[in-house]
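Chains, contacts and geometry: an overview
Next come the chains, spelled out residue by residue.
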Amino acid sequence: MYKNFKLRITIFHCINTFNGAMAVPRGEDDDIELNLIKLPCSSMVKDVFLLRAFEAGADAVIVLVCPEGACRYVEGNLRAKRRVQRVQNVLDEIGLGSRRLSLFNVAPGDEAAVAGIIQEMRAEITALGPNPAHYISRLA
Amino acid sequence: MIVGEQKKIAEIKELVEPYRKILILGCGTCVKTCFAGGEDEVATLSSALRLALSMEGKEIAVEELTVERQCEDEFIQEAAEAISRNEAVLSLACGAGVQDIARTFPKVPVLPGVNTTFIGILEKHGLFTEECLGCGDCKLAIFGSVCPIARCSKKLLNGPCGGSKDGKCEVDPAIDCAWQLIIDRMKELGQLGRLKSYVEPKDWRRSNAGGPRKLVRQDHIV
């Protein structure tokens, strides 16, 4: 039913997970639009940033953090995890669905892992459909 | 501090639905500390409400503002212009703040976004516990600074009920037995003998049970 929409994914990433431009697994139809937001530490991702990403039209939001125990700032990734969990609860409460927001631990510079995560989210969100808060405007 | 918890979004949505332009007004003191109504919570709630209403094909203009305290006129007046621009105010302050805003701006609907719960402390990060009922007649000195009114489930004044087990209350095992805490504390202070003195029944007229209270400090009125 939602096959032909261009998937918009916003990725908040710690600069210690990867830095600079990365290869985007765009697929044959170039059906993904990525918005990359880098942070000095994943703990800088505030609840409101995640929600505003959905307000701005993201169909899915991914937060990439360092592996547990490997955060340069000790517990930044743990704080990010808590914030993501809180916002997932909010998304469930308002009916948007927590599956649209995910957090993944990524070893520094592991672009292959990031590419795999994007493919995984692409499949998941394609099945879920576009962000219902923006679906009507995107049909026009 | 006053501890409160933000209402569920569904309840808040129902409160604001009649309005197209609202101000979400946060408070930078107690409710900020318990993560219910500070600047961050105002921003998060604004975004969540817009998303929730957008999914129903509705739009709402949300203005955000947080003042230091909503229980003092000096800070309330900082919100005057923002209040005048909006159809209603969703206040994330405690009940006192909500009412002070409403009293100061009587022509604007002021809606509560927080359930005010108790007077308490931040026991450790993320844990807030009730410590005081505001009874108006503090006898903490008798009880080694552990309040049996707020912290004993049965509000006993003259010793434990005998139902506790391993220092936990028989009413709710998640609650520490206040009298265990009192006895431990008095032992530590070397004042255990003081607990033998009889404590008279409480005069509840000095609490809210005697009606809403006022405090007039003539010595501070110019």
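Residues numbered from 1 in each chain as written. Chains lettered and ligands numbered in written order. Predicted model: local features only at pLDDT ≥ 70, side-chain atom pairs only at ≥ 80, totals over all residues.

Scanning chain A from N- to C-terminus turns up 4 helices and 4 strands. Taken from N to C terminus, the helices and strands of chain A fall in the order β-β-α-β-α-β-α-α. Here chain A holds 140 residues, and 39% of them are scored as buried. (Helix = DSSP H or I, 4+ residues; strand = E, 2+ residues; numbered from the N terminus. Buried ≥ 20, exposed ≤ 12 C-beta atoms within 10 Å, placed from the backbone.)

Broken down by element type, chain B carries 8 helices and 7 strands. Here the C-alpha radius of gyration of chain B, 22 Å, is well above what a compact globule of 222 residues would show, namely 17 Å. Principal-axis analysis of the C-alpha atoms gives chain B an extent of 65 × 50 × 25 Å. A buried classification covers 32% of the 222 residues belonging to chain B. Put simply, of all contacts in chain B between residues at least 6 apart along the chain, 57% involve residues at least 24 apart. (Rg over C-alpha atoms; globule rule 2.2 N^0.38 Å. Contact = placed C-beta atoms within 7 Å.)

Moving on, we come to the interface of chain B and chain A. Opposite the 14 residues of chain B that make contact, chain A presents 15 residues. Among the secondary structure elements, those contributing two or more residues to the side of chain B that touches chain A are α1 (9-16) and α3 (39-54) of chain B. The dominant element in the side of chain B that touches chain A, judged by the number of residues it contributes, is α3(B), at 9 residues. Split into classes, the residues belonging to the side of chain B that touches chain A amount to 7 nonpolar, 4 polar and 3 charged. (Nonpolar A, V, L, I, M, F, W, Y, C, P; charged D, E, K, R; others polar.)

Here we come to the sheet that holds strand β3 (residues 61-67) of chain B. Residue and element names in this part refer to chain B. Spatial strand order, β3-β2-β4-β5: 4 strands in an open sheet with parallel pairing. In this open sheet, the two strands that pair with only one neighbour each are β3 and β5 (110-112). Adjacent strand axes in the sheet meet at a mean angle of 25 degrees, parallel and antiparallel pairs treated alike. Packing against the sheet, α1 makes contact with β2 (21-27), β4 (88-91) and β5, and its axis sits at approximately 160 degrees to β4. The strands that α3 touches are β2 and β3; relative to β3, the one it contacts most, it runs at about 170 degrees. (Pairing = 2+ DSSP bridges. Axes fitted to C-alpha atoms, helices over the stretch in contact; angles between N-to-C directions.)

Inspection of the secondary structure puts A:D47 in helix α1 (residues 47-55). Along the sequence, A:D47 and A:P130 sit 83 residues apart, while their C-alpha atoms lie 21 Å from each other. Apart from residues lying up to four places away in sequence, A:D47 is in contact with A:R83, A:R86, A:V87, B:D40 and B:T44.

What follows is about the nonpolar core. One finds A:I9, A:V61, A:V63, B:I24, B:L25, B:V31 and B:L92 to be the most contacted residues of the largest nonpolar core, which totals 75 residues. If one sorts the elements of this core by residue count, α3(B) sits on top with 7 residues. Apart from residues no more than four positions distant in its own chain, A:V61 is found in contact with A:T10, A:L50, A:A53, A:F54, A:R100 and A:L101. Ranked by size, the runner-up nonpolar core spans 10 residues in total, among them B:F143, B:V146, B:C169 and B:I182. (Core = buried A, V, L, I, M, F, W, Y, C linked by C-beta atoms within 7 Å.)

Turning our eyes to something else, we now look at unusual backbone geometry. Negative phi characterises most residues that are not glycine, and trans characterises most peptide bonds. Residue and element names in this part refer to chain B. Residue S145 is not a glycine yet carries a positive backbone phi of 65 degrees. Along the polypeptide, S145 turns up in the loop between β7 (127-132) and α7 (148-151). For K155, which is not glycine, the phi dihedral falls at a positive 55 degrees. Secondary-structure assignment places K155 in the loop between α7 and α8 (178-189).

Time to look at the sheet that holds β7(B). Residues and elements named next belong to chain B. Taken in spatial order, the 3 strands of this open sheet run β1-β6-β7, and their pairing is antiparallel. Every other strand in the sheet has two partners, leaving β1 (2-6) and β7 as the edge strands with one partner each. Put simply, the sheet's adjacent strands are angled 70 degrees from each other on average, direction ignored. The pairing of strand β6 (residues 114-124) with β7 spans 5 bridges and is classified as antiparallel. Pairing of K124 across the sheet is with L127, part of β7.

Before going further, it helps to examine helix α2 (residues 76-94) of chain A. Taking 1.5 Å as the rise per residue, α2(A) with 19 residues should run 27 Å; its terminal C-alpha atoms sit 27 Å apart, in good agreement. Taken together, the buried positions of α2(A) are occupied by A:G76, A:N77, A:A80, A:R83, A:V84, A:V87, A:V90, A:L91 and A:I94. Buried positions in α2(A), seen along its axis, are confined to an arc of 130 degrees and lie on one side of it. Opposite the packed face of α2(A), turned more than 90 degrees from it, sit the exposed residues A:Q85 and A:N89. Contact partners of the buried residues in α2(A): α1, β3 (60-65) and β4 (101-105) of chain A together with α1 and α3 of chain B. Within two residues after α2(A), A:G95 carries a phi angle of roughly 95 degrees, on the positive side. (Expected span 1.5 Å × (residues − 1). Arc of directions from axis to C-beta.)

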